[in-house]
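# Per-entry structural report
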Amino acid sequence: MDDELNFRARALLRAVAAGRAEVTRSCEPDLKVDGLLCSDQGAARELAHAGLLRPARRDGSGLWVPAELTAAGRAVLA
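Residues numbered from 1 in each chain as written. Predicted model: local features only at pLDDT ≥ 70, side-chain atom pairs only at ≥ 80, totals over all residues. Heavy atoms only, no water.

Tracing the sequence through the fold places Gln-41 in helix α2 (residues 41-49). Accessibility expressed as a relative area gives 15% for Gln-41, which makes it buried. (Helix = DSSP H or I, 4+ residues; strand = E, 2+ residues; numbered from the N terminus. Buried < 20%, exposed > 50% of the residue type's maximum accessible area, 1.4 Å probe, protein only.)

Printed below as a string of structure tokens:
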């Protein structure tokens, strides 16, 4: 998967790794970086569906929750 990631996708993963991103807990998640909606929601959703990022909290509080990298997402950036 990491061979297929473009610069924008890697930048989104780096923002998640830096703690600058929030995500919705939906089947088609939306992503915010630095409080602003990501301009490429398609890329954000592909990263989530590929298992590279996920919501950091799974409880029922709030629409937006911090995003975190999965082990696979961390491996891509290593």
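What follows covers the pattern of salt bridges. Under the definition given, this model contains four salt bridges. In this structure, Asp-40 and Arg-8 form a salt bridge, with 2.8 Å as the shortest nitrogen-oxygen distance. Here the residue Asp-40 occupies a position in the loop between β3 (36-37) and α2, and Arg-8 occupies one in helix α1 (residues 7-17), the gap between them amounting to 32 residues. Judged by its relative accessible area of 48%, Arg-8 falls in the partly exposed class. Across the pair Asp-34 and Arg-20 runs a salt bridge whose closest N-O atoms are separated by 2.8 Å. A residue pair is termed long-range when its members are at least 10 positions apart, and Asp-34 in the loop between β2 (31-33) and β3 and Arg-20 in the loop between α1 and β1 (21-24) qualify at 14 residues. (Salt bridge = Lys/Arg side-chain N within 4 Å of Asp/Glu carboxyl O.)

In this section: the packing of aromatic side chains. Within the structure shown, the criterion is met by zero aromatic pairs. Across from the ring centre of Phe-7, 5.4 Å away, lies the NZ or CZ of Arg-14, which sits over that ring. (Phe/Tyr/Trp six-rings, centres within 6.5 Å; stacked < 30°, edge-to-face > 60°. Lys NZ or Arg CZ within 6 Å of the ring centre and 35° of its normal.)

By size, the foremost hydrophobic cluster in this structure holds 21 residues, and its most contacted members are Leu-5, Leu-12, Leu-13, Leu-31, Leu-47 and Leu-53. Contributing elements (two or more residues each) for this core: α1, β1, β2, α2 and β5 (64-69). The element best represented in this core is α1, accounting for five residues. Those residues in contact with Leu-47, other than ones at most four positions away along the chain, are Leu-5, Ala-9, Leu-12, Leu-13, Leu-52 and Leu-53. (Core = buried A, V, L, I, M, F, W, Y, C linked by side-chain atoms within 4.5 Å. Contact = heavy atoms within 4.5 Å.)

Glancing now at the sheet that holds β5. Spatially, five strands are ordered β3-β2-β1-β5-β4 in an open sheet, and the strand pairing comes out antiparallel. Because the sheet does not close on itself, it has two edges, and the strands there are β3 and β4 (53-55). Here β1 pairs with β2 via three bridges, running antiparallel. Along β2, the bridge assignment pairs Glu-22 with Lys-32. Contacts between α1 and the sheet are confined to β1, β2, β4 and β5, with β5 contributing the most and set at about 110 degrees to the helix. (Pairing = 2+ DSSP bridges. Axes fitted to C-alpha atoms, helices over the stretch in contact; angles between N-to-C directions.)

Taken as a whole and judged by the stated rule, the model has zero disulfides. Free of any disulfide, Cys-27 has its nearest cysteine sulfur in Cys-38, 18 Å distant. With a relative accessible area of 66%, Cys-27 lands in the exposed category. Given the relative accessible area of 12%, Cys-38 is considered buried. (Disulfide = S-S within 2.5 Å.)

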